[in-house]
Amino acid sequence: MIVILKKDATDAQTQDFVRQWKDRGYGVHISRGEEMTVLGLLGDTTKLDTETVAANPIVESVKRVTAPYKMAGRAFHPDDSVITVGEGSGAVTFGDGLVPVIAGPCSVESEEQVVEIAKAVKKSGARLLRGGAFKPRTSPYSFQGLGAEGLEFLVTAKKETGLPVVTELMDLRQLKYFDDVDLIQIGARNMQNFDLLKEMGKVKKPILLKRGMAATVKEFLMSAEYIMASGNENVILCERGIRTFDTYTRNCLDVSIVPYLKKVSHLPIIIDPSHACGLRWMVPTLAKSAVAVGCDGLIIEVHNDPEKALCDGEQSLHPTEFDELMQVLPKIAAIDGRKM
Ligand code: PEP
Ligand code: MN
């Protein structure tokens, strides 16, 4: 249930009102926007009638929410969420009209490799570095990532370039290595690992939640809801392509999810064109379409020697191709008055 407060409601009145509902066993989510304060009453509100809630003089109006994703939905939180990743001068924001680009290899393969790529993508304008250390591979015989050592190399690249870093967490036992990671990726294959999502609600870092390859938008938002309801509201969504009947690309990039999510959710949505198509030559075109459709950022695989990459080389851009793309993207962003 959504409760919109009157503009002149004081902090003390608001706190008092919130306490009353908490005492009655409801969770209360507070969203203070520029225009209004919106409270979300969480829990079983089916037996609660709206008039009872509206009876308090500080209440402007009360509405029932039908969407099951209450915290991720726009109804509870009308303003766009702005998620900050990283600290100090390297901090990057998602959701405030900028279009930050995350770039780097699928997998960290060595210190030299990740440092070289980090320097190149930074020069081209990337704002964050990606690199997998714990890799979810289809085959148990494929390269599984360098694990904790890979994270050390990633952190070295962070120190050398100042770029905040994002990397995938597959299992809670890996979290002890993530102290210097700025953004934790929960990959497509774990989007509905509900126990892991609940644990991500307890960490003090933002989460990059990738859409499962066969997940509906509702399921995607319910997974974000798991993290948020468990205490962490800093969630960035990522569309990375879904499975369809066709196989001419690795997955099918669902660009229409961007305007749809903008309508129903306040969370930033970024696009991964690399895993969406799986084809290097197509990545720049999809990246341009992603910016045109209004995404809040991009995550792109870049490798210094893609032909020899241990993972996803066929979809990784050469640093020169990435650089060319980065010259064009700001022009597309500028059509909507946005900056890279
Ligand atoms: C990745 O980012 O390298 C990755 C494995 O992504 P996804 O979970 O989207 O497949
Ligand atoms: Mn990959």
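Presented here is a report on the structure given in the accompanying data block. (Residues numbered from 1 in each chain as written. Chains lettered and ligands numbered in written order. Predicted model: local features only at pLDDT ≥ 70, side-chain atom pairs only at ≥ 80, totals over all residues. Heavy atoms only, no water.)

## Focus: helix H4 (residues 148-161)
- Over its 14 residues, H4 runs 20 Å from end to end, which matches the ideal 20 Å to within 8%, given 1.5 Å per residue.
- For H4, the complete set of buried residues consists of Gly 150, Leu 151, Phe 153, Leu 154, Val 155, Ala 157 and Thr 161.
- Where the residues of H4 are buried, they touch helix H3 (111-124), strand E8 (128-130) and strand E9 (165-168).
- Phi turns positive one or two residues past the end of H4, at Gly 162, with a value near 80°. (Helix = DSSP H or I, 4+ residues; strand = E, 2+ residues; numbered from the N terminus. Expected span 1.5 Å × (residues − 1). Buried < 20%, exposed > 50% of the residue type's maximum accessible area, 1.4 Å probe, protein only. Contact = heavy atoms within 4.5 Å.)

## Considering the nonpolar core
- Formed by 70 residues in total, the largest nonpolar core has its most connected members in Leu 209, Leu 237, Leu 298, Ile 300 and Phe 322.
- If near-sequence neighbours (up to four positions away) are discounted, Leu 209 is found in contact with Ile 186, Met 191, Leu 197, Phe 220, Ser 223, Ala 224, Ile 227, Val 235, Ile 236, Leu 237 and Cys 238.
- Core analysis: the second largest hydrophobic core is formed by 16 residues, Val 28, Leu 39, Val 53 and Ile 58 among them. (Core = buried A, V, L, I, M, F, W, Y, C linked by side-chain atoms within 4.5 Å.)

## Here we look at the state of the cysteines
- Overall, the coordinates contain zero disulfides when judged by the stated rule.
- Between Cys 277, a cysteine without a disulfide, and Cys 252, which holds the nearest cysteine sulfur, the sulfur-to-sulfur distance is 11 Å.
- Residue Cys 277 is classed as buried on the basis of its relative accessible area, which comes to 2%.
- Cysteine Cys 295 remains unbridged, with the sulfur of Cys 238 as its closest cysteine sulfur at 9.5 Å.
- On the basis of relative accessibility, which here comes to 0%, the residue Cys 295 falls in the buried class. (Disulfide = S-S within 2.5 Å.)

## Re helix H10 (residues 319-335)
- Taking 1.5 Å of rise per residue, the 17 residues of H10 would be expected to cover 24 Å, and the 26 Å separating its terminal C-alpha atoms lies within 8% of that figure.
- Of the positions making up H10, those classed as buried are Phe 322, Leu 325, Met 326, Leu 329, Ile 332 and Ala 333.
- As for H10, its buried residues are in contact with strand E7 (101-104), H3, helix H9 (283-293) and strand E14 (298-301).
- Among the residues trailing H10, Gly 337 stands out with phi positive, at a value near 75°.

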